[in-house]
Amino acid sequence: MLQPFLKRFEKKALRSIKEKSEIVVLPADKGNATVVMDRKEYDDKMMNLLDPAYRKIKKDLTDKIVRKMKELIKTTGIPAEQQKGVFVQAPIPPRIYGLPKIHKPDVPLRPIVKIAKILSPFTGNTESYVRDSTHFVESVKGVKLDAGDMLVSFDVESLFTRVPVKDAVEGLRRKLIPEGLPEYVPDLVEYCLSSTYFSWKGEFYEQFEEAAMGSPLSPVIANFYMELFEEDALKKSQWKPKLWLRYVDDTFVIWQHGQKRLQEFLDHLNSQHPMIKFTMETETAKKLPFLDVLVTRTTNGDIELGVYRKKTHTNRYLQACSHHHPQQKRSVIRTLFQRAARLCEGENLKKEQHFLRGVLQKNGYTSRDINQAIKQRKQKEDTVSTKLLGFICLRYVSGVTERIARHLKKNDIVVRYGTVSKIRNTLPIAKDKLTPLKGAGVYRLSCSCGKVYVGQTGRNVECRIKEHERDVRLKKTQQSAVAEHCHAKGHRIDFEQTKVLARDNRYYQRLTREAIEIHRHKNNVNREDGWELSRTWKMVVNTKTSSRLTPDASQLVIN
């Protein structure tokens, strides 16, 4: 029998936290820390965030926006097959929440709300563009500093929520369409970025003009706009930096014109557009952080590089005792040491490796664990065989999943591992709760005679329920088992008491769960049994007397 992963007192403590409505538990924006905040303080910070840039609206705009987007897509000339992949089958309104920025004074919140592929090849092609930390290290290697040079960084305040959408879209038309960007893209971009809305505490809000928070499109547009901005601003500036490297809203600069002209340069940047404002940080003790790299100037004018961590970084990583596959734990160790090798050299590399060993040991890893992970080559499971059939995702259960993986590997199927549960899933979420019938999933309708109908849908459940109601009203008995039962027996379906049995956006998982529920509800009016279950599934379902399923269909994913 499997042993529980959490002790009884730990489960009791988690339940106690979940029941406390006066607090909210969140991950920090950076540093891998967990933050417990007073609910009122959290709500006040969120309201302060919403007041200047967002206005309250009367209703959910989801259906309206989806209809408009479909109309726009149809006018683009995109092939019909590709159009299908553009839309989410069961759209739900975005829900805003905040992550505490514990590395900044007064703990502000970063807002998150939940075509980029077409635009991406057209951006990031300037000399100043920095792709990531590794690219930054490659860009500054070999740079020599003169005695009067200064290390400086500029950061745009809240860039993603301040990008002037109209200016960015006009830039797309003017600069990128001549380079081959499809002519319909700017219109789609403008609509996507000007249709930002979300729910907060049961109310709906929309953004005025700036780029959409959390949209995959926002970083691409922000980066493109900053390319236009920096080209124009640097061209107009009387004094130009020796080096200018930019990662979206963070810029690393080597300045050779002195402190007074540096302030003039900052004022010049901040005068270019009312929405774009920079903050500035200069080197301290010959050191300046940029991204996760610490840049240090030496006495002979060279640049030394090391790993940078904010003071609030917790050095907390996946614990050695966590119920994860050993491969995932080794991956954590390898990733940290590989990053050190990419960003550091010489003595800095030795110091970082020594530091990592100490940190990992505090996370429960032994010296043997660390050494084995470093030496072990990364397994390229995807190239095990030229006849690779695909991969399967299994919830990891120690001593069981490994055996299954060995058998699957013999048949050219690669195994990926997930966890059974996470502590954060047991804590209350900061987002608004979804209404019961929002989202895709498996549902149950109850009849006045006591029988039920079990169904599944990839759209919002409420849309499917409306279709059932219409079929009953119009007596479409040929195409609807629900309508046939109602009119043949003279019974009534209680649509208001629709029960969502499982939420899942994945097609095959819904089919499997639907079949399980049909098998469990013997008194159903379904015409078919749904997806054909294996004998093993039926045996497991038959042994359960409660309504709770231990072997959840969503634990198995086959591609």
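For the structure itself, look to the data block above.
The rules behind the values
Residues numbered from 1 in each chain as written. Predicted model: local features only at pLDDT ≥ 70, side-chain atom pairs only at ≥ 80, totals over all residues. Heavy atoms only, no water. Salt bridge = Lys/Arg side-chain N within 4 Å of Asp/Glu carboxyl O. Buried < 20%, exposed > 50% of the residue type's maximum accessible area, 1.4 Å probe, protein only. Pairing = 2+ DSSP bridges. Helix = DSSP H or I, 4+ residues; strand = E, 2+ residues; numbered from the N terminus. Axes fitted to C-alpha atoms, helices over the stretch in contact; angles between N-to-C directions. Contact = heavy atoms within 4.5 Å. Left-handed = near helix turned anticlockwise from the far one by under 90°. Nonpolar A, V, L, I, M, F, W, Y, C, P; charged D, E, K, R; others polar. Phe/Tyr/Trp six-rings, centres within 6.5 Å; stacked < 30°, edge-to-face > 60°. Lys NZ or Arg CZ within 6 Å of the ring centre and 35° of its normal. Patch = residues over 30% accessible without salt bridge, like charges linked within 9 Å, V, L, I, M, F, W, Y side chains within 5 Å. Areas by Shrake-Rupley, 256 points an atom, 1.4 Å probe, with all protein chains shown as cover. Lys, Arg positive; Asp, Glu negative; His and termini not counted. Charge placed at Lys NZ, Arg CZ, Asp CG, Glu CD. Polar contact = N/O pair within 3.5 Å; in protein donor to acceptor, adjacent residues only side chain to side chain. Core = buried A, V, L, I, M, F, W, Y, C linked by side-chain atoms within 4.5 Å.

(A) Molecular detail of the pattern of salt bridges. Here the structure, examined in full by the defined rule, presents 24 salt bridges. Among the salt bridges present, the one from K201 reaches D43, with a minimum N-O distance of 3.4 Å. The class of D43 is buried, set by a relative accessible area of 14%. Connected through shared salt-bridge partners, D60, K438 and E462 make up one network.

(B) View of the sheet that holds strand β9 (residues 243–247). Read across the open sheet, the four strands follow the order β9-β10-β6-β11; overall the sheet is antiparallel. Of all strands in the sheet, those with a lone pairing partner are β9 and β11 (278–282), marking the two edges. The average undirected angle you get between the axes of adjacent strands in this sheet is 20°. As paired strands, strand β6 (residues 150–156) and β11 are joined by five bridges and run antiparallel to one another. Following the sheet pairing, V156 is matched in β11 by F278. On top of the sheet, helix α6 (residues 133–140) reaches β9 and β10 (250–255); it is set at about 175° to β9, its chief contact. Along the sheet face, helix α9 (residues 217–236) touches β6, β9 and β11 and points at about 160° away from the line of β9.

(C) Main features of the environment of A285. Topologically, A285 is positioned in the loop between β11 and β12 (287–290). You can call A285 exposed: its relative accessible area is 64%. Distance in space between the C-alpha atoms of A285 and R297 is 9.1 Å, their sequence separation being 12 residues.

(D) Quick look at the packing of helix α8 (residues 185–193) against α9. Orientation of α8 relative to α9, taken along the N-to-C sense of each, is 115°, at an axis distance of 11 Å. For the pair α8 and α9, the crossing hand works out as left-handed. Taking contact as the criterion, the partners of V189, C192 and L193 in α8 are, on α9, L217, S218 and I221. Considering only residue class, the contact of α8 with α9 consists of five nonpolar, one polar and no charged.

(E) How the structure looks around the packing of aromatic side chains. Counted according to the given criterion, the structure contains 15 aromatic pairs. Judged by centre distance (6.5 Å) and plane angle (45°), the ring pair of Y443 and Y453 falls under tilted. Here Y453 lies in strand β18 (residues 452–457) and Y443 lies in strand β17 (residues 441–446), a separation of 10 residues in the sequence. We classify Y453 as buried; its relative accessible area is 14%. An aromatic cluster is built from F154, Y225, F229, W244, W255, F265 and F278, whose rings are joined through pairwise contacts. Over the aromatic face of W239 sits the side chain of R261, whose NZ or CZ is 3.8 Å from the ring centroid.

(F) Highlighting the sheet that holds strand β19 (residues 499–503). Pairing in this open sheet of three strands is antiparallel, and the strands run β18-β17-β19 from one edge to the other. The open sheet has two edge strands, β18 and β19, and neither has a second partner. The sheet shows a mean angle of 20° between the axes of neighbouring strands, direction not considered. The strands that helix α15 (residues 461–473) touches are β17, β18 and β19; relative to β17, the one it contacts most, it runs at about 35°.

(G) Representation of a nonpolar patch on the surface in the model. Nonpolar side chains collect at one region of the surface, where Y507, Y508 and W531 lie side by side and expose about 350 Å² of accessible area between them. Looking at the element boundaries, Y508 is found in helix α17 (residues 507–520).

(H) Seen up close, unusual backbone geometry. With phi around 65°, K286 is a residue other than glycine that occupies positive phi space. Locating K286 in the fold gives a position in the loop between β11 and β12. In this structure K286 comes out as partly exposed when scored by relative accessible area, which is 42%. Backbone geometry at K475 places phi at a positive 55°, although glycine is not the residue there. With respect to the helices and strands, K475 occurs in the loop between α15 and α16 (481–489).

(I) The arrangement of a positive patch on the surface in detail. On the surface, R8, K11, K12 and R15 cluster together into a patch of positive charge. Along the chain, K12 turns up in helix α1 (residues 8–18). With relative accessibility at 59%, the residue K12 sits in the exposed group.

(J) Expanded view of the side chain of H468. Within the secondary structure, H468 sits in helix α15. Given the relative accessible area of 2%, H468 is considered buried. A polar atom in the side chain of H468 sits 2.7 Å from the side chain of Y443. When residues no more than four places from it in sequence are discounted, the contact partners of H468 are Y443, L445, Y453, S480, V482 and F495.

(K) View of the nonpolar core. Core analysis: the biggest nonpolar cluster contains 39 residues, and L119, F154, V189, I221 and F278 have the highest contact counts within it. Put simply, the parts of the chain that give this core at least two residues each are α5 (116–119), β6, α7 (165–176), α8, α9, β10 and α10 (259–270). At 11 residues, α9 tops the list of elements feeding residues into this core. In this structure, F136, L151, F252 and L288 belong to the second largest nonpolar core, which totals 20 residues.

(L) Local environment of the environment of A430. By secondary structure assignment, the location of A430 is in the loop between β16 (413–418) and β17. Taking the C-alpha atoms as reference, A430 lies 9.7 Å from K201; in sequence the two are 229 residues apart. When neighbours within four sequence positions are excluded, A430 is seen to be in contact with V24, L26, Y42, Y97 and W200.

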